[in-house]
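These are the residues of each chain, in order.
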Amino acid sequence: MTDRPITEAKSIIADAVEMAGGQHALARLRGLNQSDISQAVNNGRTDSRNRVLNALGYAVIETIRPMKGQNR
């Protein structure tokens, strides 16, 4: 499996919503709150997005990188 950029998260979640038949259906199928799905689709809270992605089988890995010239 290939890593995917976090910028694709909204698309991944929207596709899952469509395949499930709506946000309520996806929430029931995956044991989530519908509000988390709504926030994830509408670029809401990051923790909601991560919960939905985890329920869909994605591990969200966040990294930090020093800016050029900083933290030598």
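Look up: the structure comes first, before these words.
For clarity, every value in this text was computed on a predicted model and none was experimentally measured. (Residues numbered from 1 in each chain as written. Predicted model: local features only at pLDDT ≥ 70, side-chain atom pairs only at ≥ 80, totals over all residues. Heavy atoms only, no water.)

Undergrad: How would you explain the packing of helix α2 (residues 23-30) against helix α3 (residues 34-41) if you had to name every residue and give the values?
TA: At a minimum axis distance of 8 Å, the contact between α2 and α3 shows a crossing angle of 120 degrees. Classified by the interaxial angle, the pair formed by α2 and α3 is oblique. The interaxial crossing formed by α2 with α3 has right-handed handedness. Mapping the contact onto sequence places Gln23, His24, Leu26 and Ala27 in α2 and Gln34, Ile37, Ser38 and Val41 in α3. Each residue belonging to the contact of α2 with α3 can be placed in one class, and the counts come to four nonpolar, four polar and no charged. (Axes fitted to C-alpha atoms, helices over the stretch in contact; angles between N-to-C directions. Helix = DSSP H or I, 4+ residues; strand = E, 2+ residues; numbered from the N terminus. Parallel < 35°, antiparallel > 145°, perpendicular 65-115°, else oblique. Left-handed = near helix turned anticlockwise from the far one by under 90°. Contact = heavy atoms within 4.5 Å. Nonpolar A, V, L, I, M, F, W, Y, C, P; charged D, E, K, R; others polar.)

Undergrad: Can you tell me about helix α1 (residues 9-20), naming the residues and giving the values?
TA: For α1, which comprises twelve residues, the first-to-last C-alpha distance of 17 Å matches the rise-based estimate of 16 Å (1.5 Å per residue) to within 8%. Contact partners of the buried residues in α1: α2, α3 and α4 (46-55). Positioned one or two residues after α1, Gly21 has a phi angle of 100 degrees, which is positive. (Expected span 1.5 Å × (residues − 1).)

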